[in-house]
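Listed here are the chains, written in short residue letters.
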Amino acid sequence: MEVNVHEAKTHLSRLLRRVVAGEEITISRAGVPVAKLIAARTQSKSRPMGMDRGKIWIADDFDRPDPELEALFYGPITTEAREETPAPPKRKKKT
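This one's a predicted model, so the numbers in the text were calculated from it and none came from an experiment.

Conventions and cut-offs
- Every residue gets a number counted from 1 within its own chain, in the order that chain's sequence is written.
- Whole-chain, interface and lining totals are the exception, using all residues; otherwise, since this is a predicted model, local features are given only for residues with pLDDT of at least 70 and side-chain atom pairs are given and counted only at 80 or more.
- Heavy atoms from the whole structure form the basis of all side-chain values; hydrogens and water molecules are not counted.
- Any two strands between which DSSP finds at least two bridges are classified as paired.
- Helical segments are the DSSP runs of H or I of at least four residues, strand segments are the runs of E of at least two, and each set is numbered from the N terminus.
- Between N-to-C directions, angles cover 0 to 180 degrees, with each direction set by a line fitted to C-alpha atoms, over the stretch in contact for helices.
- A contact between two residues is defined here by any heavy atoms of the two lying within 4.5 Å.
- Note on ring pairs: Phe, Tyr and Trp rings are taken, using the six-membered ring of Trp, and paired if centres are within 6.5 Å. Classes follow the plane angle, with under 30 degrees stacked, over 60 edge-to-face and the rest tilted.
- Using a 1.4 Å probe on the protein chains alone, a residue whose accessible area is under 20% of its type maximum counts as buried, one over 50% counts as exposed, and one in between counts as partly exposed.

Novice: Describe the sheet that holds strand 3 (residues 32–37), and please don't skip the residues or the numbers.
Specialist: Spatially, the three strands line up as an open sheet ordered 1-2-3, and their pairing is mixed. Of all the strands in the sheet, just strand 1 (2–4) and strand 3 have a single pairing partner and so form its edges. Mean inter-strand twist for the sheet, computed between neighbouring axes without regard to direction, equals 35°. The pairing of strand 2 (residues 25–29) with strand 3 spans five bridges and is antiparallel. Pairing of I27 across the sheet is with A35, part of strand 3. Lying over the sheet, helix 2 (residues 12–20) contacts strand 1, strand 2 and strand 3, oriented at roughly 140° with respect to strand 2.

Novice: Describe the packing of aromatic side chains, naming the residues involved and giving the relevant values.
Specialist: In this description, a pair of aromatic rings is defined by centroid distance and the angle of the planes. Inspection of the entire model under this criterion finds one aromatic pair. Their ring planes at 45° and their centres at 6.2 Å tell us that F73 and Y74 sit as a pair that is tilted. We note that F73, like Y74, is exposed.

Okay, structure coming up:
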């Protein structure tokens, strides 16, 4: 089915009912198609837990600091300097 813009604005609710029923509607301006009304895809059901089990792995040392990367940010850090660096102060909770 093809309708012009004015008709689409005037009868939008009616056109949407037809789209939900499975019809595709083309909206035209001056006889030239500019848009198509089609039904939205329904959201798929939630994915089951564990569906990717065995497909993904995380290395045991994934969170190990990378000296090369740290050197890019902070300059070369020696082992002695790393041991002497104090821990950052704990943040106070806002009340």
